Amino acid sequence: MRTLAHADMDAFFASVEQRDDPRLRGRPVVVGGRSARGVVAAASYEARRYGVRSAMPSVQARKLCPDAVFVRGDMRKYARESGRIFEIFRRFTPLVERLSLDEAFLDLTGTERLLGPPDAAVERLRREVRAETGLAVSAGVAPVKLVAKIASDAAKPDGVLCVAPAQVRAFLDPLPVGRIWGIGPVARARLQACGIETIGELARCDDARLRELLGSWGLEAARLARGEDAREVEPYREPKSYGEENTFADDVSDPRRLEGVIRAHAEAVARRLRRDGVRGRCVTLKLKLARRLGAGRYPLRTRSTTRPLATDDAAEIASAARELLRRAGMDTPVRLVGVAVSRLEAAADAQLDLFEAGSEARGRRSRLNRVVDQINQRFGEDSMVRASAESVERAALSLQIKRGRE
Amino acid sequence: MKLSIGRDVLLRGLGRIQAIVERRGTLPILANVKMDASDGKVVLSATDLEVGITATHEAEVETPGAVTLGAKKLFEIVRELDGSEVALHIDDAARVSVQSGAAHFSLLSISPQEYPSLPGDAGVGFVGLESALLAEMIDRTLYATSTDETRYNLNGVFMQAEADQRVCFVATDGHRLAKVSKSLPEPVEFLEGGIIVPRKGVAEIRKLCDEHDGPLEIGLGDGFLLLRSPGLLLSSRLVDGEFPNYRQIMPDDHSIRLVVPREHLTHAVRRIALVAPERSRGFRFVLADGQLEIQASNPDLGEARETLSVDYSGERFETGFNARYALDLLGAMSAKEVVVELKTELAPAQFRPADDPDEVAIIMPMRM
């Protein structure tokens, strides 16, 4: 029998904002875009009282809670906080499975002699997160993932709920079937039509009937309903590609602006490649056109190019992606642009190349990248960035102004 | 068209073109062989537009004419025929009858008018070359060509004339390079600028070398390399690209020089590489007093090492290579001993047969 914990930050983005800005404390805070297209990324508990939920359109959130303070959100800051929090998680067990920036499974099996009983260990984990980041985390402890996740949700805000192996069935039985992963509105309606409302009723349903209702997935759902969830905590999944993308607030057709964004994405991708010690040979450009196909559907264009040498250099990635943009011959505005690098290989253990195009120059750039990475690690991300045409123009202008004053 | 041809003659003619015809091509006719019959002979042609071949075979021709048939299927059929002669004639516009012994086939054909015309040898100057020499030069280099389409200029063998009536063949995939240079009985002027012959063309030339003992002729047509022997003309389109300046990366000096028994080194690398990581196939090449140690380690498997005694007395020297590259180059050589020349850990390593100064192979190390 395993001991798993599901740790989930309470209203993570909103809590970070409230922590950093005292004026926001005690007020309904919504993190997310204000624009017509914006969605709620996170809502503080004060805002949730009005029915504001994450993933809800901002327009609707504003209607529900006119007093809410909208904050644009700073993903970089959240990622930094997330890194600190996961470091704390890893003090308790190396088996930490990251589900998102603010949510993780921890496998605490066999840690009792070191950390004490799981409820005490989880309480200590919550105290340490609170003390070091000022943020609240809720946790559920159970023998299987599904139950741990439901328990952490039930423990919110700022609580712990432990479900012992013997209590699993009693805990699950009264809950609505929709709490099981994979049972969405359609399956729920189908089950309800047959009088199956709770997880307990689903657990007791016979196989033939389930197969009829939900197909082979029905049997799996019933197993989950009985608290049988064989999924293990997977500490790390090796990524097959590294990508960055963004949706514009307004549709963009200016190639210079697109190229600027591509450059920024390439920088971010390259930095992550270098951080993880990998390089990639295939560069992909992803474009979502502004022309609408139907509700929420837009034509997606992806273009890829495979290069002779694997790279982790932003300039190389950006130039490949810009070339793809030119070749794509875009004549309609774009609402989303993304850059990804795949066909990864380890940067160490590298086969050296005989003719590496300007191998001297490449070596120099790679050393430069390393230094820039070190500076950014020490002084914070984006302390040092590669100059773009616009930033050079701006710098030249300000230099002129200064000289004029002298 | 109506003719009769020896079954074995036809089978050999069809066998030769199997690797040339296009299999999954966009143009269906390129999967066909074209047969042109005129007094006393039939000419078989096949091409994928990159490599083309025309070969003349003796036949009893009753009525001249031309036809194209699926090359693979016709080959399979002729292989299974047990008569000594095969009779072919056009039934109607779209069908050809093939008859041998008591077996009879009626096959669909495509009009020969649609068949592309192949480069000819009219007006081309040819130079004679022993087929054994040509075969050897190909064997020493072809393995090192690149299959990476993003490096299309490396997808073939570079052939260039050198001083003193010599011709060199060079192939590289960017990680390793092989070069061989041989003296020819007459100068090959058309190779002065150098040409890149694609892998497939070189492989077909190599096959013809086995078929023909004695001299072959090579010449340069408009964008094609031509190979000629009596009754046969092979053409290979050239790679339209620039071969990298390989001379620039050829090591001109070394700090370490070893002489190693080739077979011994080959077996050691093959054995030790069994535990090398699947993806990189990297092994360590470590020199210490009087010995060369081949090492490999794999986090999922374990480690392996083997020592060879060598004449070395310098400081400990350690570098790494891809086992596939090392085995390829050792396998392409035939000398009993190889000379290994090294400069620094990350500099190109040079291997050459101890008995042949005209041949060299270079591999770039791995950073391990």
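The model shown is predicted, which means the values in this text are computed figures rather than measured ones.

Chemist: Please clarify how the overall build of chain A should be interpreted in this entry.
Modeler: Looking only at helices and strands, one finds 16 helices and 12 strands in chain A. Residue burial in chain A is summarised as follows: out of 406 residues, 44% are buried. Considering only contacts within chain A whose residues lie at least 6 apart along the sequence, 63% involve residues at least 24 apart. Here chain A has roughly 21700 Å² of accessible surface; of this, 50% comes from carbon and sulfur atoms.

Chemist: Help me out: how do you make sense of the packing of helix α3 (residues 131–139) of chain B against helix α4 (residues 199–211) of chain B in this one?
Modeler: Helix-helix packing: each pair is described by the crossing angle between the helix axes and the interaxial distance. All names here are of chain B. Contact pair α3 / α4: the axes reach a minimum separation of 9 Å and the direction vectors enclose 140°. In terms of axis orientation, α3 runs oblique to α4. Considering only the axes of α3 and α4, their crossing is left-handed. Taking contact as the criterion, the partners of Ser131, Leu134, Ala135, Ile138 and Asp139 in α3 are, on α4, Val202, Ile205, Arg206 and Cys209. Counted by class, the contact of α3 with α4 contains six nonpolar, one polar and two charged residues.

Chemist: Even after reading the chapter, I still don't get the interface of chain A and chain B, so can you show me in this structure?
Modeler: Buried accessible area, meaning the area lost when the parts come together, often serves as the stated size of an interface. Opposite the 17 residues of chain A that make contact, chain B presents 24 residues. Both faces combined, the contact of chain A with chain B buries some 1600 Å², and carbon together with sulfur accounts for 55% of it. Contact with chain B buries surface across chain A, with Gln351, Leu354 and Phe355 of chain A losing the most and accounting together for 45% of the total. Linking chain A with chain B are two salt bridges, by the criterion used here. Put simply, Asp353 of chain A and Arg151 of chain B hold a salt bridge, and the shortest N to O gap is 3.1 Å. Across the contact surface, chain A and chain B share four residue pairs in polar contact (both at pLDDT 80 or more). Elements represented by at least two residues in the side of chain A that touches chain B include exactly β11 (300–311) and β12 (334–346) of chain A. For the side of chain A that touches chain B, a count of residues per class yields 10 nonpolar, two polar and five charged.

Chemist: Looking at this structure, I do not really get the sheet that holds strand β1 (residues 4–9) of chain A. What am I missing?
Modeler: Residue and element names in this part refer to chain A. With mixed pairing, five strands are arranged side by side in an open sheet as β5-β6-β1-β7-β8. On the outer flanks of this sheet lie β5 (96–100) and β8 (160–162), each paired with one strand and no other. Neighbour to neighbour, the strand axes of the sheet diverge by 15° on average, direction disregarded. In this structure, β1 lies alongside strand β6 (residues 103–107), joined through five bridges in antiparallel fashion. Directly across from Asp8, in β6, lies its bridge partner Glu103.

Chemist: So what exactly am I meant to see when it comes to the packing of aromatic side chains here?
Modeler: Each aromatic ring pair is specified by the distance between its two centres and by the angle formed by the two planes. Across all of its chains, the model carries 11 aromatic pairs over all chains by this definition. Here Phe13 of chain A and Tyr78 of chain A contribute two aromatic rings whose centre-to-centre distance is 4.3 Å and whose plane-to-plane angle is 5°, an arrangement assigned as stacked. Residue Phe13 of chain A is located in helix α1 (residues 12–20), and its partner Tyr78 of chain A is located in helix α4 (residues 75–92); the two are separated by 65 residues in the primary sequence. Overall, the relative accessible area of 13% leaves Phe13 of chain A in the buried class. By relative accessible area, Tyr78 of chain A is classed as buried at 0%. Pairing Phe285 of chain B with Phe321 of chain B gives two aromatic rings, centres 5.5 Å apart and planes at 80°, and the pair type is edge-to-face. Note that Phe285 of chain B is positioned in strand β19 (residues 282–288) and Phe321 of chain B in strand β22 (residues 317–322), a separation of 36 residues in sequence. The two residues Phe285 of chain B and Phe321 of chain B agree in class, both being buried. The aromatic ring of Phe70 of chain A is capped on one face by Arg62 of chain A, whose charged end is 5.4 Å from the ring centroid. The aromatic ring of Phe126 of chain B is capped on one face by Arg228 of chain B, whose charged end is 3.8 Å from the ring centroid.

The rules behind these values
- Residues numbered from 1 in each chain as written.
- Chains lettered and ligands numbered in written order.
- Predicted model: local features only at pLDDT ≥ 70, side-chain atom pairs only at ≥ 80, totals over all residues.
- Heavy atoms only, no water.
- Helix = DSSP H or I, 4+ residues; strand = E, 2+ residues; numbered from the N terminus.
- Buried < 20%, exposed > 50% of the residue type's maximum accessible area, 1.4 Å probe, protein only.
- Contact = heavy atoms within 4.5 Å.
- Areas by Shrake-Rupley, 256 points an atom, 1.4 Å probe, with all protein chains shown as cover.
- Axes fitted to C-alpha atoms, helices over the stretch in contact; angles between N-to-C directions.
- Parallel < 35°, antiparallel > 145°, perpendicular 65-115°, else oblique.
- Left-handed = near helix turned anticlockwise from the far one by under 90°.
- Nonpolar A, V, L, I, M, F, W, Y, C, P; charged D, E, K, R; others polar.
- Buried area = accessible area lost by both parts, 1.4 Å probe.
- Salt bridge = Lys/Arg side-chain N within 4 Å of Asp/Glu carboxyl O.
- Polar contact = N/O pair within 3.5 Å; in protein donor to acceptor, adjacent residues only side chain to side chain.
- Pairing = 2+ DSSP bridges.
- Phe/Tyr/Trp six-rings, centres within 6.5 Å; stacked < 30°, edge-to-face > 60°.
- Lys NZ or Arg CZ within 6 Å of the ring centre and 35° of its normal.

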